[in-house]
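Residues per chain, in single letters:
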Amino acid sequence: MRMLEAMSLQDDSGSHPNHVTYTTVISAFVKVGAMDRARQVMARCLGALTYFNEMRARGIAPSKVSYTTLMKAFALSGQPKLANKVFDEMLNDTRVKVDLIAWNMLVEGYCRLGLLEAADGDE
C-alpha cells in the first residue's frame, strides 16, 4: 500500500500506479490470504471511477483509452459489473467508438470469474 501511495505522489505521471500495478498488488494480497488488504486496493479502483466521473463533470471528455483503462482495472480486480457499467457509458458517448479492446475487457472480466454465460451476453 505504501508503494501505491508513493507512486501516486510522483511528479511524473508515467510513474503513477496503473491497472498492472493495482492488479499485481491485489494478486499478492490474495495469494497470502490478506483479503482485507486486497479489498482496500479494490476500493482504490472505485476511487478511480469517482475521479473519472469528476473529470467528466468538469467538462473533460474521456477518451477511448480512459474508458478501456478503467474497464480493465475493474475486469482484472474481479468486478465485471463495474466494467460493464463503464462499457455502457462508453457505448452512449458519441465522442468515442467502442472497439475490440473495450469488448475484450468486458468479456475478460466475466471470464475471469467463470461467468461465461454472462460474457456471451445471455445474462
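Residues numbered from 1 in each chain as written. Predicted model: local features only at pLDDT ≥ 70, side-chain atom pairs only at ≥ 80, totals over all residues. Heavy atoms only, no water.

Going by the annotation in an unreviewed UniProt entry, the name recorded for the chain is Pentatricopeptide repeat-containing protein, with Heracleum sosnowskyi given as the source organism.

A. Just the overall build of the chain, in detail. On a plain count of helices and strands, the chain comes out with 7 helices and 0 strands. The helix and strand sequence of the chain, counted from the amino end, reads α-α-α-α-α-α-α. Relative to its length of 123 residues, the chain is compact, with a C-alpha radius of gyration of 15 Å against a globular reference of 14 Å. By principal-axis analysis of the C-alpha atoms, the chain measures approximately 40 × 35 × 20 Å. A total of 123 residues make up the chain; the buried ones form 34% of that total. If you sum the accessible surface of the chain, you get close to 7,700 Å²; carbon and sulfur atoms cover 55% of it. One way to put it: in the chain the 14 positive side-chain charges average out to a point 5 Å from where the 14 negative ones average out. (Helix = DSSP H or I, 4+ residues; strand = E, 2+ residues; numbered from the N terminus. Rg over C-alpha atoms; globule rule 2.2 N^0.38 Å. Buried < 20%, exposed > 50% of the residue type's maximum accessible area, 1.4 Å probe, protein only. Areas by Shrake-Rupley, 256 points an atom, 1.4 Å probe, with all protein chains shown as cover. Lys, Arg positive; Asp, Glu negative; His and termini not counted. Charge placed at Lys NZ, Arg CZ, Asp CG, Glu CD.)

B. Geometry of the UniProt feature "repeat: PPR" (unreviewed entry) in the chain. In this structure's numbering, the residues bearing the UniProt feature "repeat: PPR" (unreviewed entry) are residues 63–93. For residues 63–93, the end-to-end C-alpha separation is 10 Å, with 84% helix and 0% strand making up the annotated structure. (UniProt positions renumbered as here; feature names shortened; annotations may be inferred.)

C. Geometry of the pattern of salt bridges. Throughout the structure, instances matching the rule amount to 2 salt bridges. The salt bridge partner of K64 is D99, with a shortest N-O separation of 3.7 Å. Remark: D99 occurs in the loop between helix 5 (80–92) and helix 6 (100–112) and K64 occurs in helix 4 (residues 64–76); sequence separation between them is 35 residues. (Salt bridge = Lys/Arg side-chain N within 4 Å of Asp/Glu carboxyl O.)

D. Up close: the confidence of the model for the chain. Summing up the model confidence of the chain, the mean pLDDT is 79 and the portion of residues at 70 or higher is 91%. When pLDDT is averaged over each helix and strand of the chain, the minimum, 57, is found for helix 7 (residues 116–120) and the maximum, 89, for helix 5. (pLDDT = per-residue confidence, 0-100.)

E. A look at the environment of F29. For F29, the position within the fold is in helix 2 (residues 19–31). Separated by 10 residues in sequence, F29 and R39 place their C-alpha atoms 9.1 Å apart. In contact with F29, not counting residues within four places along its chain, are M1, A34, R37, A38 and V41. (Contact = heavy atoms within 4.5 Å.)

F. Representation of the environment of V25 within the structure. Among the secondary structure elements, V25 is positioned in helix 2. Residues V25 and E54, 29 residues apart in the sequence, show an inter-C-alpha distance of 25 Å. Apart from residues no more than four positions distant in its own chain, V25 is found in contact with M3, L4 and V41.

G. Molecular detail of helix 4. When the terminal C-alpha atoms of helix 4 are compared, their 18 Å separation across 13 residues agrees well with the 18 Å that a helix rising 1.5 Å per residue should span. Every buried residue belonging to helix 4 is among Y67, T68, L70, M71, A73, F74, A75 and L76, and all of these are buried. Directly after helix 4, the chain includes G78, whose backbone phi takes a positive value near 75 degrees. (Expected span 1.5 Å × (residues − 1).)

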